[in-house]
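Here's the letter readout for the chains.
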Amino acid sequence: MNKFENSQLSKEQFGEDFLWGVSTAAFQTEGAHDVDGKGASIWDVFTSQKGKIKNGHHAINACDFYNFYKNDIQLVRDLNIPNFRFSISWSRIMPTGVAPINQAGIDYYNNIIDFLLECNITPWITIYHWDLPHALELKGGWTNRECVKWFSDYTAVCAQYFGDRVTNWMVINEPSVFTGAGYFLGIHAPGKKGITNYLKAMHHVTLSTTAGAKILRNTLPNATIGTTFSCTYIEPETEKQKDIEAAKRVDTLLNRTFIEPILGLGYPQSDLPVLKKLKNYILDDDLEKMAFEFDFIGLQCYTREIVKHSLLTPYIGAELVSAEKRNVTATQMGWEVYPPALYHIIKRFNDYKSIKKIIITENGAAFPDKVTNGKVFDIRRTHFIQDNLEQLLKAKKEGYQVEGYFVWSLTDNFEWAEGYNARFGLVHIDFETQQRTIKQSGLWFRDFLA
């Protein structure tokens, strides 16, 4: 008997109030990139540039969730998943990023929310999942301090039109990733590079996160308000002091830089000296403005990274030792399969006593799946989810608080710079025909949640 059939896990072990869900994002799934008055986002522009996305893929159609949303929400219901996380496309409801509002975009999201409620599925909205309106990028995007106002106004529109039925909100998704990859390394939209762009974007995104949260709190006093951070468990390659120090700097960058100012602790400048350059952008009352008491913090954890000292990497003096170099099992993304990372991250973030509630808002794995006789035997993904849930349960049993788990993702989708090459879904999509096939992992999750 294989482990798939023999899993000892049961939903009851996690407690009856534990939140089970699945996560998606607008740009990765919707398609309909210029339909019904939608404006261009930075990702629409970035994917149209040659050489930016693997195999020249684009998201003009993606999963066509724009037209298939009822079909896909029915799949969520069929899989017994009670909570559905999706994001709003800013340029679909505000084509230029600022007023006027596009009513067709508002109607679309209202239809999604209404159909979720009709199916007894609780909607969870992410206000910003990386797709800044291109018109705002032309004004500097996140490097322009004006973005705090732009984002606040956009958040107010979301609250006004959706807040009567949506009580669960996530403000901004994984700020460290979209600022680092988009404004420092240039490998994600909008493709900017350099430390100045990065530091400005970092600070303005942090200010925007709490500004948006305060608007939600004032407009929707009964809402549950969170925001999400990507987290990676970091270990040094050796016990040498310089590797230990390098790992600490990488850990500070990836795991602490965005959450600590929101918790009122300021930026961790002493452990990552390059952050001292932020003084050029921090105004008098910014530290106070950056703090907010969130109802929950969403953590998104996929792997661990091994770090060694390197003189060749500017500002951080460290490099990652890849899973390939270490000859360990990895996913299609090249990420090590290391379920204990989730346990360590939960334990670690429990050290922040001001966090009220932790929810794992993304966790999953990409493997090369194919349909055989109408079925997808993705045994590795099934094991990945089971093994991560075992680590989460271990953390719970040891008294660490964690109160929910959302799988990334419902369907295979457009995986940013990887295009359609990396499949994360519980449901397989044939991107030529838009045919949906529930994978073995989805069937396991369905039975687990039954």
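Residues numbered from 1 in each chain as written. Predicted model: local features only at pLDDT ≥ 70, side-chain atom pairs only at ≥ 80, totals over all residues. Heavy atoms only, no water.

Naming follows an unreviewed UniProt entry, where the chain appears as Beta-glucosidase of Flavobacterium flavipigmentatum. In its Catalytic activity (unreviewed entry) section, the UniProt entry covering the chain states "Hydrolysis of terminal, non-reducing beta-D-glucosyl residues with release of beta-D-glucose." (UniProt positions renumbered as here; feature names shortened; annotations may be inferred.)

Visitor: For the packing of helix 4 (residues 65–78) against helix 6 (residues 103–118), give the residues involved together with the corresponding values.
Guide: Following both chains from N to C, one finds helix 4 and helix 6 inclined at 10°, their axes separated by 10 Å at the closest point. Taken together, the axis directions place helix 4 and helix 6 in an arrangement best described as roughly parallel. Of the residues in helix 6, those touching helix 4 at Phe 65, Tyr 66, Tyr 69, Lys 70, Ile 73 and Gln 74 are Tyr 108, Asn 111, Ile 112, Phe 115 and Leu 116. (Axes fitted to C-alpha atoms, helices over the stretch in contact; angles between N-to-C directions. Helix = DSSP H or I, 4+ residues; strand = E, 2+ residues; numbered from the N terminus. Parallel < 35°, antiparallel > 145°, perpendicular 65-115°, else oblique. Contact = heavy atoms within 4.5 Å.)

Visitor: Mind laying out the packing of aromatic side chains, listing which residues take part and the relevant values?
Guide: Applying the stated criterion across every chain yields a total of 41 aromatic pairs. Where Trp 20 meets Tyr 405, the ring centres are 6.3 Å apart and the plane angle is 65°; that geometry is what we call edge-to-face. Residue Trp 20 is located in strand 1 (residues 19–23), and its partner Tyr 405 is located in strand 9 (residues 404–408); the two are separated by 385 residues in the primary sequence. For the residue pair Trp 20 and Tyr 405, the accessibility class agrees, reading buried in each case. With a centroid separation of 5.3 Å and 55° between ring planes, the pair formed by Tyr 302 and Trp 335 is classed as tilted. Note that Tyr 302 is positioned in strand 6 (residues 296–309) and Trp 335 in the loop between helix 14 (323–326) and helix 15 (340–349), a separation of 33 residues in sequence. With relative accessibility at 13%, the residue Tyr 302 sits in the buried group. Looking at Trp 335, the relative accessible area reads 26%, which means it is partly exposed. The ring of Tyr 108 is capped by Arg 92, whose NZ or CZ atom sits 5.6 Å from the centre of that ring. Over the aromatic face of Phe 68 sits the side chain of Arg 436, whose NZ or CZ is 4.4 Å from the ring centroid. (Phe/Tyr/Trp six-rings, centres within 6.5 Å; stacked < 30°, edge-to-face > 60°. Buried < 20%, exposed > 50% of the residue type's maximum accessible area, 1.4 Å probe, protein only. Lys NZ or Arg CZ within 6 Å of the ring centre and 35° of its normal.)

Visitor: Account for the state of the cysteines, naming residues and giving values.
Guide: In total, this model carries 0 disulfides according to the counting rule given. With no disulfide of its own, Cys 147 has Cys 158 as its nearest cysteine by sulfur position, at a separation of 16 Å. Under the relative-accessibility criterion, Cys 147 is labelled buried at 1%. Of the cysteine sulfurs around Cys 231, a residue in no disulfide, the closest is that of Cys 301, at 6.6 Å. (Disulfide = S-S within 2.5 Å.)

Visitor: Can you lay out the UniProt feature "binding site: substrate" (unreviewed entry) in the chain for me, pointing to particular residues and giving the numbers?
Guide: Mapped onto the present numbering, the UniProt feature "binding site: substrate" (unreviewed entry) falls on Gln 28, His 129, Asn 173, Tyr 302, Trp 408, Glu 415 and Trp 416. Along the chain, the position of Gln 28 falls in helix 2 (residues 26–29). When its relative accessible area of 0% is taken as the criterion, Gln 28 is described as buried. Setting aside anything within four residues of it in sequence, one finds Gln 28 in contact with Ala 62, Cys 63, His 129, Trp 408, Asn 413, Phe 414, Glu 415 and Trp 416. By the element assignment, Glu 415 lies in the loop between strand 9 and strand 10 (427–430). The exposure class of Glu 415 is buried, given its relative accessible area of 9%.

Visitor: Describe the environment of Met 170, naming the residues involved and giving the relevant values.
Guide: Structurally, Met 170 can be placed in strand 4 (residues 168–173). The class of Met 170 is buried, set by a relative accessible area of 0%. Setting aside its immediate chain neighbours within four residues, Met 170 contacts Arg 85, Trp 124, Ile 125, Thr 126, Ile 127, Gly 226, Thr 227, Thr 228, Phe 296 and Thr 361.

Visitor: How would you explain the environment of Cys 119 if you had to name every residue and give the values?
Guide: Position of Cys 119 relative to the elements: it lies in the loop between helix 6 and strand 3 (122–128). Residues Cys 119 and Thr 206, 87 residues apart in the sequence, show an inter-C-alpha distance of 35 Å.

Visitor: Report on the pairing of strand 4, specifying residues and quantitative values.
Guide: In terms of burial, strand 4 is largely enclosed, as 6 of its 6 residues are buried. Strand direction decides the pairing type here: strand 3 and strand 4, joined by 4 bridges, are parallel. Within the sheet, the bridge partner assigned to Thr 126 lies in strand 4 and is Met 170. In terms of strand pairing, strand 4 meets strand 5 (residues 224–236) through 4 bridges, oriented parallel. Counted as the bridge partner of Trp 169 is Ile 225 from strand 5. (Pairing = 2+ DSSP bridges.)

Visitor: So what about the nonpolar core? Which residues, and what values?
Guide: Trp 43, Trp 90, Trp 142, Phe 162 and Trp 169 are the most contacted members of the largest nonpolar core, which has 131 residues in total. A total of 10 residues in this core trace back to one element, the largest contributor, which is helix 10 (residues 195–219). Those residues in contact with Trp 43 that sit more than four places away from it in its chain are Phe 27, Ile 53, Trp 130, Asp 131, His 188, Ala 189, Phe 414, Trp 416 and Ala 417. (Core = buried A, V, L, I, M, F, W, Y, C linked by side-chain atoms within 4.5 Å.)

Visitor: Please give an account of the UniProt feature "active site" (unreviewed entry) in the chain that cites residues and values.
Guide: Mapped onto the present numbering, the UniProt feature "active site" (unreviewed entry) falls on Glu 174 and Glu 362. Maximum C-alpha separation among the annotated residues is 10.4 Å over a sequence range of 189 residues, consistent with a single clustered spot. Note on placement: Glu 174 falls in the loop between strand 4 and helix 9 (175–184). Leaving out residues up to four positions away in the same chain, Glu 174 has contacts with Trp 130, Thr 228, Phe 229, Ser 230, Gln 300 and Glu 362. Tracing the backbone through its elements, the reader meets Glu 362 in strand 8 (residues 358–362). For Glu 362, a relative accessible area of 4% translates into the label buried. Here Arg 85 takes part through its side chain, which lies 3.3 Å from a polar atom of the side chain of Glu 362. (Polar contact = N/O pair within 3.5 Å; in protein donor to acceptor, adjacent residues only side chain to side chain.)

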